[in-house]
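# Fold and contact review
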Amino acid sequence: MRTRAIRSERERSRAIASKLRTASNIRNVELDAHSTESAIIVRYESGSEGKHQSVIQLKDLTKAVDVNALSRHVLRKCGIIPEHRLVDVEQIIFYLQKRAQAVGGSRTSFSFQGAGDDDALPSGTSASIEELEDYVEMLSDDVEKVKGAALILQLSKNLNYLEKIIANEPLMGALARVFREDWKKNFDLATNIANIFAQLSKYHEFQPIISHFKIGALCMQIIEYELKRWDLWREEVKKSIENARKKWELAIKKQDQLIAACIQILLHLATDSKVEFKMINRGLVPMLTACLDHSSSPNLLLVTVAFLLKLSVFLENKDAMALTNVVEKCVPLFNIKNRELNALITRLMFNLSFDAVLRGRMVTAGLVGFVAPEIKEDQVAMKLFYQLSVNDDAKAMTTFTDCIEIIMRQILEGDPNKIVKAILINIALEKRNAQLICGADGQGLDLLVGLALEHSDVLLMKAVRNIASHHGPTQDNFIKWVPDLITVVLDYCDQPDSNHYCFGVECLGTVAQIVSVDWAQLEQTSKVMNWVETKLALSDTPREAGLSHLGERSFATASDEVVLQILILLGTMATQLESARLVVPLVDNLIKILKAKQEDDEMVIQIVYVFHGLLKHREFSNKLVKKDSDIVAYLIDLMYDRNAPIRAICDEALQVIAEVIFEEQEMRNRLWHEML
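On a predicted model such as this, the values are computed, not experimentally measured, just so you know.

### Considering the nonpolar core
In terms of nonpolar packing, the biggest core is built from 200 residues, with Phe 179 and Leu 570 touching the most fellow members. Considering every element that reaches this core, the biggest residue donor is helix H11 (residues 242-269), with 12 residues. Built from parts of two domains, this core gets at least three residues from each of domain 2 (129-282) and domain 3 (535-541 + 556-675). Beyond its immediate chain neighbours, meaning those up to four positions away, Leu 570 contacts Met 529, Val 532, Leu 536, Val 583, Leu 586, Leu 590 and Val 610. In terms of nonpolar packing, the next biggest core, distinct from the first, is built from 22 residues, Val 65, Cys 78, Ile 81 and Ile 93 among them.

Set out below in structure tokens:
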């Protein structure tokens, strides 16, 4: 079975490889995986002959294939690859094997079958290589042309005959001549000949001969012409009566078969980067995008999307696809329910999803609903969904898919990869998603928090932290977990060099957002305020050169990240009267931090928010706005800050202060009147 996993090398290729090995003149060998097929591309230089390229075709690349054994077999059969590149060959074959499994079959290439060849042959007719010369003569007979081309096509599907076909100069000349002269006259004839060249163009050794007859340029010309004619015929179909409409529809069907065969040829020839560049300059991308409108032809769509996928790895091609609305044309094709086509479109969309504009257009086109069901089995779909989940609209759409159920099951039932957790982190930022994750009774949240604490999983805790950011019923589910989370904070946030330090910070960020817990009561058991006061102490040593804000004072026992989360916690506590009493003694520390960290917008806004929360309580407001307090002066100064959120929160705080001052003045006036 392993021997079958490699297509038999043609005798000439073996002879060349053997000669090269003996001469030991091979250098600069480069190995790469084929973009669409199960094949290894080998690029190398030999002596004075310049650069060469060979394609090692693999088939039956199933999960059962032994990668190591197959790699060694490749090295034995292909003398071009040096022995020390065994590991590289193994990696490429392993990648191709995984890619094949992701598509759902043993092949990574798409199912493209030539059309038109069976119509020209009577049932049971089979071609013979011994009669090849007769088939060449048939190409000169107007009546027998189609049959002759069909018989040659049948021979070209047998690998053993390919070298005899390509070596027959009269045959190749006749095929090229008839193809060039008659492609407009007979779709069946043109499609058969195109499929012959498509069979030959799969192999790099035969491509120079195909290029010699300028078949690639002719295919570009055919595609461009037929696409223009397709637009006219489509209008005729709309205007025609039923009988005439069937005639036009049949013509369009045959036209699609010819275009598909031509694109197949170009796809094979594009393994040469120089040839591909010429195609791009002649407007290949707009042509391929136009072919996406032919939704009634699965074969044409398969080869078109496969070509677009190959081209999409280059920035210039990605930009060209954006201009031709490739996203808006591809997304509706998921409705065709073709597994191979969907897999190719998913990979194309993944390549394009790194562009923020195209990612937004994918979400607008409704791609989220099509990709979500596929994330369970397709890793590329999972990666694409992660890319989409960065978009806020995509987060909202996720609510109406099965994504949350699939993600939660993978997390709770096994060892999920980082992509699964990353998706959970993103979608948890949407309030409705967070509610679905928690479940009606909070069981989902309990399972997540339990797993996160058990394994000190930073990514899961990030997701929990995002869930905690939503005010409402979901926060009530956190009350039972706050003591455990605080214990983790006190243990891990004091160990910056520990592997669990980041986990402790995430736990701190989570509890800092819980407004539904009674912080004053919790302080009696946890004594967290003593720890907080210690962490807010500033160091007497300024920051060293090379760090941001040279000369700025750092904290004595905590990182800026931990202090920022502590400030958020104090802001949460300041909203409750009982716990606010615990925060008031720290006001002087906060003012010192405000002076030391005035360039850090995040810290400034959190400190101002703490002041805003304290000022809302009349019990503290008079003390905080007294003449010898610096709070009012700093708030007025920050009203001119360049950061809009800081200006907004300062404005709210000053309004509270104005109300306090107005009430105090009004009370004094009332007392003065009473005295009079």
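### Focus: the pairing of strand E3 (residues 51-57)
Of all 7 residues that make up E3, 5 are buried, and the element is covered over most of its length. Sheet analysis places strand E2 (residues 39-46) next to E3, joined by 7 bridges and oriented antiparallel. What sits directly across from Arg 43, in E3, is Gln 53.

### Topic: unusual backbone geometry
Positive phi outside glycine occurs at Lys 337, with the angle close to 65 degrees. Within the fold, Lys 337 resides in the loop between helix H16 (326-330) and helix H17 (339-352). Among the residues examined, Lys 337 registers a relative accessible area of 66% and is labelled exposed. The residue Ser 456 is not glycine, and still its phi comes out positive at about 50 degrees.

### Some words on the pattern of salt bridges
Using the criterion set out here, one finds 27 salt bridges in the structure. Note that Glu 224 and Lys 228 form a salt bridge whose closest N and O atoms lie 3.9 Å from each other. Of this pair, Glu 224 and Lys 228 are both found in helix H10 (residues 215-239), 4 residues apart, which corresponds to roughly one turn of the helix. Residue Glu 224 is classed as partly exposed on the basis of its relative accessible area, which comes to 37%. The partner of Asp 457 in a salt bridge is Lys 421, and the shortest N-O contact between them spans 2.6 Å.

### Observations regarding the sheet that holds E2
An order of E1-E2-E3 is seen for the 3 strands of this open sheet, with the pairing classed as antiparallel. With partners counted over all chains shown, the strands left at the sheet margins are strand E1 (26-33) and E3, one partner each. The mean inter-strand angle of the sheet, taken between neighbouring strand axes irrespective of direction, is 20 degrees.

### Here's the deal with a negative patch on the surface
A contiguous patch of negative charge, built from Glu 130, Glu 131, Glu 133, Asp 134 and Glu 137, is present on the exposed surface. With respect to the helices and strands, Glu 137 occurs in helix H4 (residues 132-138).

### Quick word on the environment of Gln 410
With respect to the helices and strands, the residue Gln 410 is situated in helix H22 (residues 403-413). Taking the relative accessible area as the measure of exposure, Gln 410 reaches 24% and is therefore partly exposed. Placed 11 residues apart in sequence, Gln 410 and Lys 421 show a C-alpha to C-alpha distance of 9.5 Å. In contact with Gln 410, other than residues within four places in its own chain, are Ile 375, Lys 376, Met 382, Pro 416 and Val 420.

### Quick look at the packing of aromatic side chains
Per the stated rule, a full pass over the model turns up 7 aromatic pairs. The interplanar angle of 85 degrees and the centroid separation of 5.3 Å between the aromatic rings of Trp 183 and Tyr 225 together place this pair among those described as edge-to-face. On the criterion of sequence distance, the pair formed by Trp 183 in the loop between helix H7 (169-182) and helix H8 (187-201) and Tyr 225 in helix H10 is long-range, its members being 42 residues apart. In this structure Tyr 225 comes out as partly exposed when scored by relative accessible area, which is 32%. Aromatic side chains Tyr 203 and Phe 206 sit 6.0 Å apart centroid to centroid with 70 degrees between the ring planes, which places their arrangement in the edge-to-face category. With respect to burial, Tyr 203 and Phe 206 carry one shared label: buried. The lysine or arginine in question, Lys 184, covers the ring of Tyr 225, its NZ or CZ lying 4.6 Å from the ring centre.

### A look at H7
For H7, built from 14 residues, the straight-helix expectation of 20 Å at 1.5 Å per residue is met to within 8% by its first-to-last C-alpha distance of 20 Å. Every buried residue of H7 is accounted for by Leu 171, Met 172, Ala 174, Leu 175, Ala 176, Val 178, Phe 179 and Asp 182. Where H7 starts, the residue carrying a side-chain oxygen 3.0 Å from the main-chain nitrogen of Leu 171 turns out to be Asn 168.

Procedures and definitions
- Residues numbered from 1 in each chain as written.
- Predicted model: local features only at pLDDT ≥ 70, side-chain atom pairs only at ≥ 80, totals over all residues.
- Heavy atoms only, no water.
- Core = buried A, V, L, I, M, F, W, Y, C linked by side-chain atoms within 4.5 Å.
- Buried < 20%, exposed > 50% of the residue type's maximum accessible area, 1.4 Å probe, protein only.
- Helix = DSSP H or I, 4+ residues; strand = E, 2+ residues; numbered from the N terminus.
- Domains from an automatic or database assignment.
- Contact = heavy atoms within 4.5 Å.
- Pairing = 2+ DSSP bridges.
- Salt bridge = Lys/Arg side-chain N within 4 Å of Asp/Glu carboxyl O.
- Axes fitted to C-alpha atoms, helices over the stretch in contact; angles between N-to-C directions.
- Patch = residues over 30% accessible without salt bridge, like charges linked within 9 Å, V, L, I, M, F, W, Y side chains within 5 Å.
- Areas by Shrake-Rupley, 256 points an atom, 1.4 Å probe, with all protein chains shown as cover.
- Lys, Arg positive; Asp, Glu negative; His and termini not counted.
- Charge placed at Lys NZ, Arg CZ, Asp CG, Glu CD.
- Phe/Tyr/Trp six-rings, centres within 6.5 Å; stacked < 30°, edge-to-face > 60°.
- Lys NZ or Arg CZ within 6 Å of the ring centre and 35° of its normal.
- Expected span 1.5 Å × (residues − 1).
- Polar contact = N/O pair within 3.5 Å; in protein donor to acceptor, adjacent residues only side chain to side chain.

By themselves, these figures tell us nothing about what the structure is for.
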